[in-house]
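These are the residues of each chain, in order.
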Amino acid sequence: MYDEYERKMSRTVEMLQEQFSSIRAGRANAAVLDQIKVEYYGTPTPINQIATVSSPDPRTLVIQPWDVSSLQLVEKAILASDLGINPANDGKVLRLAFPQLTEERRRELIKQVGKYAEDSKVAIRNIRRDAVEKAKAEKKKGDMTEDDLANAEKDLQKLTDNYIKEVDNVSQKKEKELKEI
């Protein structure tokens, strides 16, 4: 009975980690481009599917489209995103230079980490609520006893607590990473 809900909670934590990987932390990381889509022949396409992305040094990303005619499209998509970096276009490649984080920007990113973590916790609690409602409906139909319902609620709460603890651990790790930069 709990496998479905555990899978949903696990997926919520995975989504949180994906969101954290897209938070720019002062170092060049190709994962910041994962959320950006380029309108390529009428189809929104991730940058890594139309270009090679490399990091020649810790503060620079180089994007080299396989089709040079798509260079302008990639540049436009990066400018339209909330990445906050202006790409340098030399006609063949785009260079993204990641500046050193200011203390103010670091605080903003830590707040963003906290918001993402809280949103994930709310999602996990909503999954628990749905599971408890389903169990109560089964009890009402007579498919479950009062004791079974109490055990189900206790098990679901334990599962929820474990995943919320995991969200806290992941977010604390990301905050620590941001503070150390």
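In this text, all values refer to a predicted model and were calculated from it rather than measured experimentally.

A. Spatial organisation of the sheet that holds strand E6 (residues 94-97). Read from one edge to the other, the open sheet built from four strands follows the order E3-E4-E6-E5, with strand pairing classed as antiparallel. A strand with exactly one partner marks an edge of an open sheet, and here the two such strands are strand E3 (51-57) and strand E5 (88-89). Where helix H2 (residues 71-80) meets the sheet, its contacts fall on strand E4 (60-65), E5 and E6, and the angle it forms with E6 comes to roughly 25 degrees.

B. Just the nonpolar core, in detail. Judged by nonpolar contacts, the single largest core of 23 residues is most densely connected at Phe-20 and Ile-124. Elements represented by at least two residues in this core include exactly helix H1 (3-21), helix H3 (103-141) and helix H4 (146-180). Among the elements that line this core, the one with the most residues is H3, at nine residues. In contact with Ile-124, other than residues within four places in its own chain, are Met-9, Thr-12, Val-13, Thr-160, Tyr-163, Ile-164 and Val-167. The next biggest cluster of nonpolar side chains, apart from the first, holds 19 residues, and it includes Val-32, Ile-50, Ile-63 and Val-74.

C. Layout of the packing of aromatic side chains. Inspection of the entire model under this criterion finds two aromatic pairs. Between the aromatic rings of Phe-20 and Tyr-116, the centroid separation amounts to 6.5 Å while the plane-to-plane angle is 35 degrees, which identifies the pairing as tilted. Note that Phe-20 is positioned in helix H1 and Tyr-116 in helix H3, a separation of 96 residues in sequence. Accessibility expressed as a relative area gives 4% for Phe-20, which makes it buried. Ring centres 4.8 Å apart and planes at 70 degrees place the aromatic pair Tyr-40 and Tyr-41 in the edge-to-face group.

D. Here's a closer look at unusual backbone geometry. Positive phi is not limited to glycine here, since Tyr-41 has a value of about 50 degrees. Along the polypeptide, Tyr-41 turns up in the loop between strand E1 (37-40) and strand E2 (43-46).

E. Focus on the packing of H1 against H4. The geometry of H1 relative to H4 is characterised by a closest axis approach of 10 Å and an angle of 10 degrees between their N-to-C directions. Between H1 and H4, the interaxial angle falls into the category roughly parallel. Touching Glu-6, Met-9, Ser-10, Val-13, Leu-16, Gln-17 and Phe-20 of H1 are Leu-159, Thr-160, Tyr-163, Glu-166, Val-167, Val-170, Ser-171 and Lys-174, all from H4. Of the residues in the contact of H1 with H4, the class split is eight nonpolar, four polar and three charged.

F. A look at the layout of surface pockets. In this model, the largest pocket occupies a volume close to 290 Å³. Along the walls of the largest pocket sit 14 residues, with Ser-22, Ile-23, Asp-82, Gln-112 and Tyr-116 positioned nearest its centre. The element best represented in the lining of the largest pocket is H3, accounting for four residues. Per-class residue counts for the lining of the largest pocket are six nonpolar, five polar and three charged.

G. The arrangement of H1 in detail. With 19 residues, H1 extends 27 Å between its outermost C-alpha atoms, agreeing within 8% with the 27 Å of an ideal straight helix rising 1.5 Å per residue. Residues Tyr-5, Met-9, Thr-12, Val-13, Leu-16 and Phe-20 constitute the buried set of H1. The buried residues of H1 occupy an angular sector of 90 degrees when the element is viewed end-on, so they sit on one face. With respect to the buried face of H1, the exposed residues turned more than 90 degrees away are Asp-3 and Arg-7. Contact partners of the buried residues in H1: H3 and H4.

Criteria and cut-off values
Residues numbered from 1 in each chain as written. Predicted model: local features only at pLDDT ≥ 70, side-chain atom pairs only at ≥ 80, totals over all residues. Heavy atoms only, no water. Pairing = 2+ DSSP bridges. Helix = DSSP H or I, 4+ residues; strand = E, 2+ residues; numbered from the N terminus. Contact = heavy atoms within 4.5 Å. Axes fitted to C-alpha atoms, helices over the stretch in contact; angles between N-to-C directions. Core = buried A, V, L, I, M, F, W, Y, C linked by side-chain atoms within 4.5 Å. Buried < 20%, exposed > 50% of the residue type's maximum accessible area, 1.4 Å probe, protein only. Phe/Tyr/Trp six-rings, centres within 6.5 Å; stacked < 30°, edge-to-face > 60°. Parallel < 35°, antiparallel > 145°, perpendicular 65-115°, else oblique. Nonpolar A, V, L, I, M, F, W, Y, C, P; charged D, E, K, R; others polar. 1 Å grid on protein atoms, 1.4 Å probe; cavity = no way out; pocket = protein on both sides within 12 Å on 5 of 7 lines; lining within 4 Å. Points joined across faces, edges and corners; volume = space filled by probe spheres on them. Expected span 1.5 Å × (residues − 1). Arc of directions from axis to C-beta.

Everything listed is a geometric property; what it means functionally is a separate question.
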